[in-house]
Structures are given as C-alpha cells and as structure tokens.
Amino acid sequence: MRSLRTGLSLASLLSGVAMLGTLLVTAPAAHAADAPLRDLADAKGKVMGTAVTGSKLTGTYGEIAGREFNALTPGNAMKWGSVEPTRGNFDWAEADTIVDFAEAHGQQVRGHTLVWHSQNPSWLTNGSWTPAQLSQLMNDHIALEVGRYKGRLATWDVVNEPFNEDGTYRQTLWYNGLGADYIAQALTAARAADPSAKLYINDYNVEGVNAKSTALYNLVKSLKERGVPIDGVGLQAHLILGQVPSTLQQNIQRFADLGVDVAITELDIRMQLPATEAKLTQQATDYKSVLSACVAVTRCVGVTVWGFTDSDSWIPDTFPGQGAATPYDENYAPKPAYHAIAESLGGTTTPPTDACTATYSVTSQWNTGFTGQVRIACSGASLSSWKAGWTFGAGQRITQAWNATCTQSGAAVTCSNASYNGTVPDGGSVTFGFNGSWSGSNPVPAVTLG
C-alpha cells in the first residue's frame, strides 16, 4: 500500500558497508521458537513474508530478511513511478536486487503493484489520454514488467485499492478513463504475460466484513463467473492497536469459499508512541489474532508484514506520533509481536527469560581512531540498571564515552549506565557510544552484561 521509509541514501549506505566490513556483529539470536519464522511457516504450508527496501539488503537488515522470511515484497521498487519515472526510460535496479536476493535465499517474491492510483509517474498522471491510448499504456506496462520477471515471481498484486470505503469504485485515472472493466483487462493482460504467476486484487480496510470488503467480494465473484483470471485476494491489514476486526477469519473464509486464495499482504499494527510494555503486549495479542485467523483457513496462503523493523516503517511519516508497528524495533531487537507470530506458526518454546543481550558494533573507523556503539536490548526480561564489559584483543583504547560511564584497565573495559538510561523494559533497548584508538587491527570483542 504505502511507501517504506527510505532511510539512508544508497551512496551513504554503500560507504557505510565498505567502512564496516566485518566489524559489525549482529545481536545473538533471541527468538521465540526453535526455528526461524520461515521454517515454522514452511512446516504449515504458509508464507511468512516481509516488504523490503532493496538498498538495505545488507548487514543486519539483510541477515534478518534472509533468515526469517520465505517471501519478499518490494516496498516501492516495482511501482510504476519507480520503474518508468520518465516515459520510455526504465530503472529496474532495485527491483532486480530484491529478486536476486530472494532467489539466493530460497524465497518467493510478491510483485507489487501493477495498476494503482498512487505512485504513478507524472508523465502518466498529467497526460491527456483517449480511452484507447490509456488502455494501450496499461497493457504495455503490464506486458513489460510482468514479462521481465516471467517465471521468477510467485504472485502479483495486479490491481491495488480499487474501492472507496463505502464500496463504490474509487475515482482514478483508470476507472475514469476505462470504466470498472479496467480490472478485468489488467488481470487478463497479466495472465498473458506470465501464465504461472498467481494474480491478486489487493486493498485495505477490507479485513473484516464491511461495505468495502463486500464490494470486493462481489467483484471477485463476478470475475470468477465471467472467467476472468483471478487467483487471490490481498487483505492489506494496516491495523491499529486493539482493533483487529472480530470478523477477520469469517471474512477470509468467505473469500476462500469463492475458490480463490487469500493473503494478508501488508500487516502492521500501529500504536500511539511511546511504546510501553502494556502496548507491546496488546500488539503481540493482535499479531497472534491475525496469524491465527490465517492459519485456521486452508486457502489463506500466508502473511506478509509491511517491513519487519520499525526503522523501515511508513507509519511515523504518515501518522505523526504513531509507530512501533512492526515485529522488530529500530535496533533489530525482536518484540513480543515476533514471539506471538512464532507461537501462531507452531513455535515450541516461549520467549527466553532474563534475555537481555549486549551487541558491540563499530559504526565508523579512520586511520588511528574509531567510533563504537553498544546496544543493550531485552526480550522476556527487563533491567533497572546495567553494566557492560569486554576485553579488547588488539590494544584498542577508549578515549571518550557518552550515555555511559566507561573505565579501562589494561585491555578490560567496563561501562555502566548513566543516571537517565539504566532502565531497559521488556521489548526495549538503550545504546551508548564511545570513541577509541586502534593500530594494526580492530577486532570486535564479545560483550557481557553484569
């Protein structure tokens, strides 16, 4: 549905990757289950996917995306405005990156999205087209993009968000120019371009039984009766804390009974910030409700979260004061929501107790100096104060610290919390940083919490 935040520019990201090299150590795995989410989902015959930003598929972000999910959705990279910003000039770089990454990690890809009212190039939206011209533009776009990835993508969100909240058709370039049958035309064109891909209509606020979902239901029923190729319905599920529709499973089932697959395609559950333990607990309950509803219906093929980390979420930019909507926090620590997803997929263990970890990373490095950071994160436990310690292995020396009081004796370093950041709640984290000197090498030490 919406944009994921882009975060760092590609240039600065690549610079950072080159600088860090092997100096970044990711947090120890702190999962709710014996296996990654993708393995639990595979065991149930379900998809557990995430939307991703292609330029970020390195380091910790890439490691989690590859380890935890068996499907990827490009957040923005395959939208018309991204791939053809000016007419006849194409940019497939980010989309190709995501597809290549998915294939290298044994993941399927959900194409998103071909025909939509938003994120179209200005040359398209500002043009004056006859119906014949508009029809040809749509057919050509679908043939080109779907054809480029023929045989490589499992599914396509062919038409995105065709309805208003009251169930009437949204007034768009496509509806106004071609009438309601633009949907059937788009689906038919997509089938011709890749007969093996599953074709979906995708919309939001259609998770429960309501006027909008009923309009979608009637459309799908009509398309099926007419023989138009339609394989599935995507329920986006951009939800608000404590507001999972009570009719979610019933709604999934009624679409399934039409003979189509159903997917939860863009799940996130936003809250008013700041996140508290009580809110994170409610969020976990909500995630479990959504996953459980899908697991309970055979033709619900799976769930995709719209970004797995809060640092890559569209929510804060669109809903000021709200956020914390994904299963991982901005520092890649799994939240209670992660554990709830795992449990819904058949995870056999509970979140670990006394599970607070410290992660050391080098964030920048130059001739004789470097900047380091330690993140302390808790999952299934909390801290009222903390002390982190490590031993440098190559003669490094700390010269300055912030957000902690650090002392060094020989190679041994001890850092304790400042007066204002000793508390680390369950599902929360704190960080402190320091500058140091090095010569020859700068290996990453293991950190222990005291």
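Residues numbered from 1 in each chain as written. Predicted model: local features only at pLDDT ≥ 70, side-chain atom pairs only at ≥ 80, totals over all residues. Heavy atoms only, no water.

### Side note on the overall build of the chain
Basically, it comes down to this: Segments assigned H or I by DSSP are reported as helices when at least four residues long, segments assigned E as strands when at least two residues long, and all are numbered from the N terminus. The globule rule used here is 2.2 Å times the number of residues to the 0.38 power, and the radius of gyration it is set against is calculated over C-alpha atoms. Buried, partly exposed and exposed residues are distinguished by accessible area as a fraction of the type maximum, computed with a 1.4 Å probe on protein chains only: under 20%, between the cut-offs, and over 50%, respectively. For accessible areas, the Shrake-Rupley method is used with a probe of radius 1.4 Å. Any residue's cover is judged against the shown protein chains and nothing else.
Counting its regular elements, the chain contains 14 helices and 18 strands. Its C-alpha radius of gyration of 24 Å places the chain within 12% of the 22 Å reference for a compact globule of 450 residues. Seen through its principal axes, the chain has C-alpha atoms that stretch 80 × 45 × 35 Å. Considering the chain as a whole, with its 450 residues, one finds that 53% of them fall into the buried category. As presented, the chain carries roughly 17,600 Å² of accessible surface, and 51% of it is formed by carbon and sulfur atoms.

### Observations concerning the packing of aromatic side chains
Within a pair of aromatic rings, the relevant descriptors are the distance that separates the centres and the angle that separates the planes. What counts here: Two rings from Phe, Tyr or Trp (for Trp, the six-membered ring) form a pair when their centres sit within 6.5 Å of each other. Planes less than 30 degrees apart are called stacked, planes more than 60 degrees apart edge-to-face, and all others tilted. We call a charge positioned above a ring when the Lys NZ or Arg CZ atom is no farther than 6 Å from the ring centre and deviates by at most 35 degrees from the ring normal.
For the structure shown, the criterion picks out 22 aromatic pairs. Taken together, a centroid distance of 5.3 Å and an interplanar angle of 15° make the contact between Tyr-169 and Tyr-175 stacked. For Tyr-169, a relative accessible area of 22% corresponds to the partly exposed category. According to the relative accessible area criterion, Tyr-175 is partly exposed, its value standing at 24%. Between the aromatic rings of Phe-432 and Phe-434, the centroid separation amounts to 6.5 Å while the plane-to-plane angle is 45°, which identifies the pairing as tilted. The pair formed by Phe-432 and Phe-434 is uniform in burial state, with each residue classed as buried. Sitting above the plane of the Tyr-204 ring, Lys-212 keeps its charged end 3.6 Å from the centroid.

### Quick notes on the environment of Ser-384
Stated formally: Whether two residues are in contact is decided by their heavy atoms, any of which lying within 4.5 Å being enough.
Topologically, Ser-384 is positioned in the loop between strand 12 (369-378) and strand 13 (387-391). When its relative accessible area of 64% is taken as the criterion, Ser-384 is described as exposed. Separated by 49 residues in the primary sequence, Ser-384 and Gly-433 place their C-alpha atoms 20 Å from one another. Setting aside its immediate chain neighbours within four residues, Ser-384 contacts Gly-422 and Thr-423.

### Remarks on the state of the cysteines
Quick note on the threshold: For this text, the term disulfide refers to a pair of cysteine sulfurs within 2.5 Å.
Per the stated rule, a full pass over the model turns up 3 disulfides. Disulfide pairing places Cys-356 opposite Cys-378 at an S-S distance of 2.1 Å. Since a negative S-S torsion denotes a left-handed disulfide, the Cys-356-Cys-378 link at about 110° is right-handed. Residue Cys-356 is found in strand 11 (residues 356-365), and its partner Cys-378 is found in strand 12; the two are separated by 22 residues along the sequence. When sorted by exposure, Cys-356 lands in the same class as Cys-378, which is buried. Disulfide pairing places Cys-406 opposite Cys-415 at an S-S distance of 2.1 Å. Disulfide Cys-406 to Cys-415: torsion about the S-S bond roughly 115°, handedness right-handed.

### Things to note about the pairing of strand 5 (residues 198-203)
Defined as follows: Pairs of strands are assigned from DSSP output, requiring at least two bridges between the strands. Orient the strands so they point away from the viewer, and a crossover whose first-strand-to-second-strand path over the helix runs clockwise is right-handed.
Taken across its 6 residues, strand 5 has 5 buried, putting it largely inside the fold. As defined by bridge partners, strand 4 (residues 155-160) adjoins strand 5 across 5 bridges and the pair is classed as parallel. In the sheet register, Asn-160 faces strand 5, and the bridge partner there is Asn-202. Relative to strand 6 (residues 232-235), strand 5 runs parallel, the two sharing 4 bridges. Across the sheet, the residue bridging to Ile-201 is Val-233, located in strand 6. For the handedness criterion, the β-α-β arrangement of strand 5, helix 10 (residues 211-226) and strand 6 is classed as right-handed.

### What about unusual backbone geometry?
Cis geometry is adopted by the peptide bond preceding Thr-113, which originates at His-112 and carries an omega value of -5°. In this structure, Pro-274 follows Leu-273 across a cis peptide bond, with omega equal to 5°. A positive phi angle, close to 55°, is found at Gln-119, a residue other than glycine. Structurally, Gln-119 can be placed in the loop between strand 3 (108-115) and helix 6 (122-125). The partly exposed category is assigned to Gln-119, whose relative accessible area is 29%. In this structure, Glu-161 is a non-glycine residue whose phi angle is positive, near 55°. Structurally, the position occupied by Glu-161 is in the loop between strand 4 and helix 8 (173-178).

### Structural notes on the pattern of salt bridges
We count it as follows: The term salt bridge refers to a pairing of a side-chain nitrogen on Lys or Arg with a carboxyl oxygen on Asp or Glu at a separation within 4 Å.
With the rule as written, the count across this model stands at 15 salt bridges. Linking Glu-103 and Arg-152 is a salt bridge whose minimum nitrogen-to-oxygen distance equals 2.8 Å. Within this pair, whereas Glu-103 is found in helix 5 (residues 93-104), its partner Arg-152 is found in the loop between helix 7 (131-148) and strand 4, the two being separated by 49 residues in sequence. The class for Glu-103 is partly exposed, based on a relative accessible area of 41%. Residue classification places Arg-152 among the partly exposed positions, given a relative accessible area of 31%. The salt bridge involving Asp-181 is made with Arg-226; its shortest N-O contact spans 3.0 Å. Of the two residues, Asp-181 sits in the loop between helix 8 and helix 9 (182-193) while Arg-226 sits in helix 10, which places them 45 residues apart along the sequence. Classification of Asp-181 by relative accessible area gives partly exposed; the value is 42%. We classify Arg-226 as partly exposed; its relative accessible area is 46%. Sharing partners across several salt bridges, the network here consists of Glu-63, Arg-67 and Glu-68.

### Focus on the sheet that holds strand 16 (residues 412-417)
The strand order 15-16-13-18 describes an open sheet built from 4 strands, whose pairing is antiparallel. Single-partner strands in this sheet number two, and they are strand 15 (404-409) and strand 18 (448-449). Two elements, strand 15 and strand 16, share 6 bridges in a ladder whose sense is antiparallel. Each bridged residue has a counterpart across the sheet, and for Gln-408 the counterpart in strand 16 is Val-413.

### A closer look at the packing of helix 12 (residues 277-295) against helix 14 (residues 336-344)
Note the threshold: To get an axis, a line is fitted to the C-alpha atoms, and for a helix only the part in contact is used. The angle between two axes follows their N-to-C directions and goes from 0 to 180 degrees. In what follows, roughly perpendicular refers to angles from 65 to 115 degrees, roughly parallel to angles under 35, roughly antiparallel to angles over 145, and oblique to any angle outside these ranges. Note: crossing handedness is left-handed where the near helix turns anticlockwise from the far helix by less than a right angle, and right-handed where it turns clockwise. The residue classification treats Ala, Val, Leu, Ile, Met, Phe, Trp, Tyr, Cys and Pro as nonpolar and Asp, Glu, Lys and Arg as charged. All others, Gly included, are polar.
Orientation of helix 12 relative to helix 14, taken along the N-to-C sense of each, is 25°, at an axis distance of 8 Å. In terms of orientation, helix 12 lies roughly parallel with respect to helix 14. Between helix 12 and helix 14 lies a crossing of right-handed hand. Side by side, helix 12 and helix 14 meet where Leu-280, Gln-283, Ala-284, Tyr-287, Lys-288, Leu-291, Ser-292 and Val-295 of the first sit next to Pro-336, Ala-337, Ala-340, Ile-341, Glu-343 and Ser-344 of the second. When the residues that make up the contact of helix 12 with helix 14 are grouped by side-chain class, the tally is 9 nonpolar, 3 polar and 2 charged.

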